[in-house]
Amino acid sequence: QVQVIESGGGLVQAGGSLTLSCASSGRTFISYAMGWFRQAPGKEREFVAVIDWSGSMTDYRDSVKGRFRISRDKTKNMLYLQMSNLKPEDTAVYYCNAAHTVQSLTTMRGDLNSWGQGTQVTVST
């Protein structure tokens, strides 16, 4: 198991930008794929973005393609989500998680770790 702590959320106006950070244990960045997820009020948690163990492959849900960018810094055991051109529908609590495979993260099934507290992103009009 690994521990993750999300940070960087806040209030931003539509069209603005925000970068989220996820600090994790060293083990996470040695052999795990990692991803970002979000849960809006009254909605189910959904997959947002994923990056493989090496950082060479990424994937995103369609609604954020071209606006969000996931990256990782293994020297600092950090995961990031750069968000641009934010929309009100991006409002949600954002979470990071880790798993042995990309598929476990994109499908939200399999060997996921426990969910952390997340970080709130609120996009106003």
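Above this text is the structure in question.
Residues numbered from 1 in each chain as written. Predicted model: local features only at pLDDT ≥ 70, side-chain atom pairs only at ≥ 80, totals over all residues. Heavy atoms only, no water.

Caption draft 1: Representation of the overall build of the protein chain in the model. Looking only at helices and strands, the protein chain features two helices and ten strands. Overall size of the protein chain, expressed as C-alpha extent along the three principal axes, is 40 × 30 × 25 Å. Scored against the burial criterion, the 125 residues of the protein chain give a buried share of 45%. In the protein chain, 56% of the contacts between residues at least 6 apart in sequence involve partners at least 24 apart. Approximately 6,400 Å² of the protein chain is accessible, and the part contributed by carbon and sulfur atoms is 47%. Side-chain charges in the protein chain split into 13 positive and 10 negative, and the spacing between the mean points of these groups amounts to 2 Å. (Helix = DSSP H or I, 4+ residues; strand = E, 2+ residues; numbered from the N terminus. Buried < 20%, exposed > 50% of the residue type's maximum accessible area, 1.4 Å probe, protein only. Contact = heavy atoms within 4.5 Å. Areas by Shrake-Rupley, 256 points an atom, 1.4 Å probe, with all protein chains shown as cover. Lys, Arg positive; Asp, Glu negative; His and termini not counted. Charge placed at Lys NZ, Arg CZ, Asp CG, Glu CD.)

Caption draft 2: Broad picture of the sheet that holds strand β2 (residues 10–13). Sheet architecture is open: six strands sit in the order β2-β10-β9-β4-β5-β6, paired in mixed fashion. A strand with exactly one partner marks an edge of an open sheet, and here the two such strands are β2 and β6 (58–60). Taking each pair of neighbouring strands and ignoring which way they run, the sheet shows an average axis angle of 25°. Bridge count between strand β9 (residues 92–99) and strand β10 (residues 119–124): three bridges; the pairing is antiparallel. In the sheet register, Tyr94 faces β10, and the bridge partner there is Thr119. (Pairing = 2+ DSSP bridges. Axes fitted to C-alpha atoms, helices over the stretch in contact; angles between N-to-C directions.)

Caption draft 3: Summary view of the environment of Leu20. Topologically, Leu20 is positioned in strand β3 (residues 18–24). Residues Leu20 and Asp52, 32 residues apart in the sequence, show an inter-C-alpha distance of 18 Å.

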